[in-house]
Amino acid sequence: MNIIVLVKQVPDTTEVSIDPKTGNLVREGVESIINPHDRHALEAALQFKEQHGGSITAISMGPGQAVDALSEALGMGADDGILLSDPAFAGADTWATSYTLARAIEKKGDYDLILCGRQAIDGDTAQVGPQLAELLGIAQVTSVCGVESLESGSSRVLKRIKGGRELIHCPLPALWSVVSELNTPRYPHMERLIRACDPKSAIVTWNAADIGVKTQDVGLQGSLTQVIATFPPKTERKGEMLEGDPRSMVSSLVARLRENKL
Amino acid sequence: MPSVWIDYDLCDGCTLCIKKCPYGAVELQEGRPRILDNCTCCGLCLEVCKQGALQTDIQQRAIPDFSSWSGIWVFAEQHDGRLADVGLELLGKAREIGDQRSEEVCALLLGNGVEDLAGTLFSYGADRVYLVQDPLLGTYSTEGYTAALARLVDAYQPEILLVGATDLGRDLAPRLARRVGAGLTADCTGLKIDAEEGILLQTRPAFGGNIMATIANRFSRPQMATVRPGVMEKKTGFPSEGVLCREEAGITEQTIRVNRLETRAEEHEPIDLSKARVIVTAGRGAASKEGLALLGELARALDGELAGTRALIEEEWLPPDRQIGQTGQTVRPELYIGCGVSGAVQHRAGMSGSRYVIAVNKDSRAPIFQVADWGLVGDLFQIIPELINTLSDKAPGSSG
Ligand SMILES: Cc1cc2nc3c(=O)[nH]c(=O)nc-3n(C[C@H](O)[C@H](O)[C@H](O)COP(=O)(O)OP(=O)(O)OC[C@H]3O[C@@H](n4cnc5c(N)ncnc54)[C@H](O)[C@@H]3O)c2cc1C
Ligand SMILES: Cc1cc2nc3c(=O)[nH]c(=O)nc-3n(C[C@H](O)[C@H](O)[C@H](O)COP(=O)(O)OP(=O)(O)OC[C@H]3O[C@@H](n4cnc5c(N)ncnc54)[C@H](O)[C@@H]3O)c2cc1C
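Analysis parameters
Residues numbered from 1 in each chain as written. Chains lettered and ligands numbered in written order. Predicted model: local features only at pLDDT ≥ 70, side-chain atom pairs only at ≥ 80, totals over all residues. Heavy atoms only, no water. Helix = DSSP H or I, 4+ residues; strand = E, 2+ residues; numbered from the N terminus. Buried < 20%, exposed > 50% of the residue type's maximum accessible area, 1.4 Å probe, protein only. Contact = heavy atoms within 4.5 Å. Areas by Shrake-Rupley, 256 points an atom, 1.4 Å probe, with all protein chains shown as cover. Lys, Arg positive; Asp, Glu negative; His and termini not counted. Charge placed at Lys NZ, Arg CZ, Asp CG, Glu CD. Pairing = 2+ DSSP bridges. Axes fitted to C-alpha atoms, helices over the stretch in contact; angles between N-to-C directions. Near = heavy atom within 4 Å. Polar contact = N/O pair within 3.5 Å; in protein donor to acceptor, adjacent residues only side chain to side chain. Nonpolar A, V, L, I, M, F, W, Y, C, P; charged D, E, K, R; others polar. Domains from an automatic or database assignment. Buried area = accessible area lost by both parts, 1.4 Å probe. Salt bridge = Lys/Arg side-chain N within 4 Å of Asp/Glu carboxyl O. Phe/Tyr/Trp six-rings, centres within 6.5 Å; stacked < 30°, edge-to-face > 60°.

1. Some thoughts on the overall build of chain A
And step 1. Within chain A, the regular secondary structure consists of six helices and 15 strands.
And step 2. With 262 residues in all, chain A has 56% of them scored as buried.
And step 3. Sequence-distant contacts in chain A: of pairs separated by 6 or more residues, those separated by 24 or more amount to 70%.
And step 4. For chain A, the accessible surface area stands at approximately 11000 Å², while carbon and sulfur atoms represent 49% of it.
And step 5. For chain A, the separation between the mean place of its 26 positive charges and that of its 33 negative charges on side chains is 7 Å.

Okay, structure coming up:
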């Protein structure tokens, strides 16, 4: 069972704040982490490998520093890593991201299963997985929360939906996007992590030429959507602090509620 | 590769470019902006520089001619013959856009034996319903629905296609967008037509709700977006008749490789907080038997629902379906009352659309007060009983 796991390096959004003056995200000092769902995808791949053998390749598209995400993946137990990095890849929307990942996966070839996270915590679109599956012409299951059986060519998985789960029959090769309830990811193994950070480790870097794409088809140039503005979430709140002891606060509050017909 | 650079003789250090950059790729260094390596050459900074100090060799990308693409389309999600609310909400928005653009509003109804639903779609604003019925569409499958919808898009070339950002919609829309060659904006909370260019401006939260981004879809058609449920308003009262077009699905059993074998409902019917008019939210400050009993009583007095922050779900004071926030439910009640809730961004991501927000917290610096209409600083164990008393005194039997 050869498995490809997609890992995205993301800023830890729990630490992101907004600069009150510029209204921009303050990214300085914000740690880069492996997208949380992707660690569950890695854990799933490791468990499948333990049961069925085979190999695990982690793939990430991003700037040079995204190699850290791949090192961590190797530290957890992935066999090798591919970093897709080229200035031309910058600013990609999900259309261009899925295209770039697809070309790299086609170059690598030989896979039974592709695992990705349901959603990245920065872009938050949950679109890359299904778009990639479409491009590769393989089956997809999104929000996988459990696996009942996995054999060559076929599987039964549980998909999380609002208010329950669905049991799904899915042929292989396929792409699954996973949610966190699927498993508890293991911590990277220290020795492996150190080995992964060695320049001679099993991580290769491919640029646009390596995967045979034109620069106009990737990155911002190859994107169909564009971010044209960003701004802090608007809060049109009254922001009134009610004063006094509990009794008088409550009576002012009830008066406000009546005024606003609540 | 093209690049963007700064002519420092012209730059007056106004920092507008820094504010504009959606990628955080312009930084202030020693009083001057500096362009960092993560610049994507999107060119937005050039538009705001009044001094013309920002310069580039980026080639303007040509926008293809899409004048023959017309119609505002809405995917009408249905389960077991019942329409999901989000489709009707989107018809309300589509109606508004359709009137502005003088274009037809169409609903896409897929399934088996769902013909009866067409009337409802007309009465919520559809001019035309494309009805695709096939036994293979009786239950949702990614591949069956993608194929049937792609066929319609290819045949009729709509300008805009909106899909609810539900579990189903977010499984379907990206696959469909990729197949028909369209860009897709995720999980939008705002849609409007740009007055000059006539394109759809799509606003959505990103970075866990920390930032809002406006996205344009200039280079492909249809302009596709998934839209968060509960955000747009339904409009009803339109005639319950219109143009009904029956279409073939054009699929076979081979189209559908992935099959649903069974659905396992959660042991208890999960509650849908998005429909509640009043929500009382318990935070860690109320994480005790007494606290929850008190807030439960308040919720009952207001005819509302009790919900919690993730802290309360993690410590198993409340079931997971009552969590509000980024990893819980998104709610838009008339009234949200947060008690002992600090107001972390992940929590605010799920409640910031509430009509009115009341916050009760003993720490006057708690971030929840920044998003509150009315803030009460103090111990909830004193304030809430007082509130319950006042409510039951002054308006016996009323709901608030
Ligand atoms: C503010 C903002 C808003 C945006 N809105 C949109 C939008 O509405 N539509 C749009 O098309 N693009 C949008 N983008 C661009 C989008 O964030 C990028 O295309 C990004 O590369 C992938 O999308 P995502 O982060 O949403 O990933 P998701 O689709 O949420 O990621 C799902 C999974 O795919 C895998 N994956 C994703 N990216 C990579 C990667 N680079 N390398 C390896 N694996 C990966 C991971 O396993 C991940 O868990 C936006 C960007 C910003 C900054
Ligand atoms: C990836 C991720 C996703 C997350 N998703 C969510 C999510 O969906 N929803 C969510 O809610 N959280 C989410 N969180 C957690 C979030 O970051 C916060 O930790 C959480 O919301 C805090 O809950 P709280 O406000 O109840 O607790 P705390 O932050 O501990 O706040 C308790 C508050 O109660 C006040 N208080 C204490 N006693 C009293 C009293 N007697 N009277 C009045 N006030 C009192 C205190 O002053 C304090 O402000 C997420 C976190 C991560 C990392």
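2. Focus: the sheet that holds strand β14 (residues 226–231) of chain A
And step 1. Reading across the sheet, the four strands line up as β14(A)-β14(B)-β13(B)-β12(B) and stay open at both edges, with antiparallel pairing between neighbours. At either end of the open sheet lies a strand with only one pairing partner, and these are β14 of chain A together with β12 (190–193) of chain B. The mean angle between the axes of side-by-side strands here comes to 25 degrees, regardless of whether they run parallel or antiparallel.
And step 2. Pairing analysis gives five bridges linking strand β13 (residues 200–206) of chain B to strand β14 (residues 211–216) of chain B, with the strands arranged antiparallel. Paired with B:Q202 across the two strands is B:I215, which belongs to β14(B).

3. Considering the site of ligand 1
And step 1. Taken together, 32 residues form the shell around ligand 1, and within it A:K8, A:D38, A:T94, A:T125 and B:R204 come nearest.
And step 2. A:T94 has a polar side-chain atom sitting 2.7 Å from an oxygen atom of ligand 1.
And step 3. At 2.9 Å from an oxygen atom of ligand 1 is found a main-chain nitrogen or oxygen belonging to A:V128.
And step 4. Isolated, ligand 1 exposes 930 Å² of accessible area, and the fraction of that covered by the protein chains is 94%.
And step 5. For the shell around ligand 1, the elements supplying multiple residues, two or more each, are β6 (56–61), α3 (94–108) and β8 (113–117) of chain A together with β11 (184–188), β13 and β14 of chain B.
And step 6. Of the residues contributing to the shell around ligand 1, the split by class is 14 nonpolar, 11 polar and seven charged.

4. Focus: the pairing of strand β11 (residues 164–171) of chain A
All names here are of chain A.
And step 1. Where burial is concerned, most of β11 is hidden: six out of the eight residues are buried.
And step 2. Bridging between strand β10 (residues 154–161) and β11 involves eight bridges; their strand directions are antiparallel. If you follow K159 over to β11, its bridge partner there is E166.

5. So, the site of ligand 2
And step 1. The environment of ligand 2 is formed by 26 residues, the closest being B:R284, B:T309, B:S342, B:Q346 and B:N361.
And step 2. Taken together, the residues near ligand 2 originate from chains A and B.
And step 3. In the environment of ligand 2, an oxygen atom lies 2.9 Å from a nitrogen or oxygen atom belonging to the backbone of B:R310.
And step 4. Relative to its free-state accessible area of 990 Å², ligand 2 is covered by the protein chains to the extent of 78%.
And step 5. Classifying every residue of the shell around ligand 2 by side-chain character gives six nonpolar, 15 polar and five charged.

6. Considering the domain arrangement of chain B
And step 1. For chain B, the domain assignment lists domain 1 (4–56), domain 2 (72–247) and domain 3 (273–394).
And step 2. Each of domain 1 of chain B and domain 3 of chain B was reduced to a C-alpha centroid, and the two centroids are 43 Å apart.

7. Comments concerning the sheet that holds strand β1 (residues 3–6) of chain A
Sheet strands associate in pairs through backbone hydrogen bonding, adopting either a parallel or an antiparallel arrangement.
And step 1. Spatially, the 10 strands line up as an open sheet ordered β13(A)-β7(A)-β6(A)-β1(A)-β8(A)-β12(A)-β9(A)-β10(A)-β11(A)-β17(B), and their pairing is mixed. Edge positions in the sheet fall to β13 (203–206) of chain A together with β17 (259–265) of chain B, since each of these pairs with one other strand and no more. Here the strands of the sheet are splayed against their neighbours by 30 degrees on average, with no regard to which way each runs.
And step 2. Bridge analysis of strand β9 (residues 139–151) of chain A against β10(A) gives six bridges, and the strand direction is antiparallel. Counterpart to A:E151 in the pairing with β10(A) is A:S154.
And step 3. Each of β6, β7 (80–84) and β13 of chain A touches helix α2 (residues 67–76) of chain A; the most contacted strand, β7(A), lies at about 170 degrees to it.

8. Details of the interface of chain A and chain B
And step 1. Counting residues at the interface gives 87 residues for chain A and 89 residues for chain B.
And step 2. Approximately 8000 Å² of surface area, both sides summed, lies buried where chain A meets chain B, with 55% of it carried by carbon and sulfur atoms.
And step 3. At the junction of chain A and chain B, the tally comes to eight salt bridges.
And step 4. With a closest N to O distance of 2.8 Å, A:E134 and B:R175 form a salt bridge.
And step 5. Here chain A and chain B share 44 residue pairs in polar contact (both at pLDDT 80 or more) between them.
And step 6. Top element by residues in the side of chain A that touches chain B is helix α6 (residues 246–259) of chain A. It accounts for nine residues.
And step 7. Split into classes, the residues belonging to the side of chain A that touches chain B amount to 40 nonpolar, 26 polar and 21 charged.
And step 8. Bridging between β14(A) and β14(B) involves five bridges; their strand directions are antiparallel. Bridge pairing in β14(B) links A:T230 to B:A213.

9. Points about the packing of aromatic side chains
Residue and element names in this part refer to chain B.
And step 1. Counted by the stated rule, this structure contains seven aromatic pairs over all chains.
And step 2. Seen from their ring centres, Y140 and Y145 are 5.0 Å apart, and the 70 degrees between their planes marks the pair as edge-to-face.
And step 3. Assessed through its relative accessible area of 3%, Y145 is described here as buried.
And step 4. When the centroid spacing of 5.4 Å and the interplanar angle of 20 degrees are considered together, the rings of Y356 and W374 count as stacked. Separated by 18 residues along the polypeptide, Y356 in strand β21 (residues 356–361) and W374 in strand β22 (residues 374–377) bring together distant segments of the chain.

10. Here we look at the environment of B:T252
And step 1. Counting through the fold element by element, B:T252 comes out in the loop between β16 (243–247) and β17.
And step 2. When the C-alpha positions of B:T252 and B:A286 are compared, they lie 56 Å apart, and in sequence the two are 34 residues distant.

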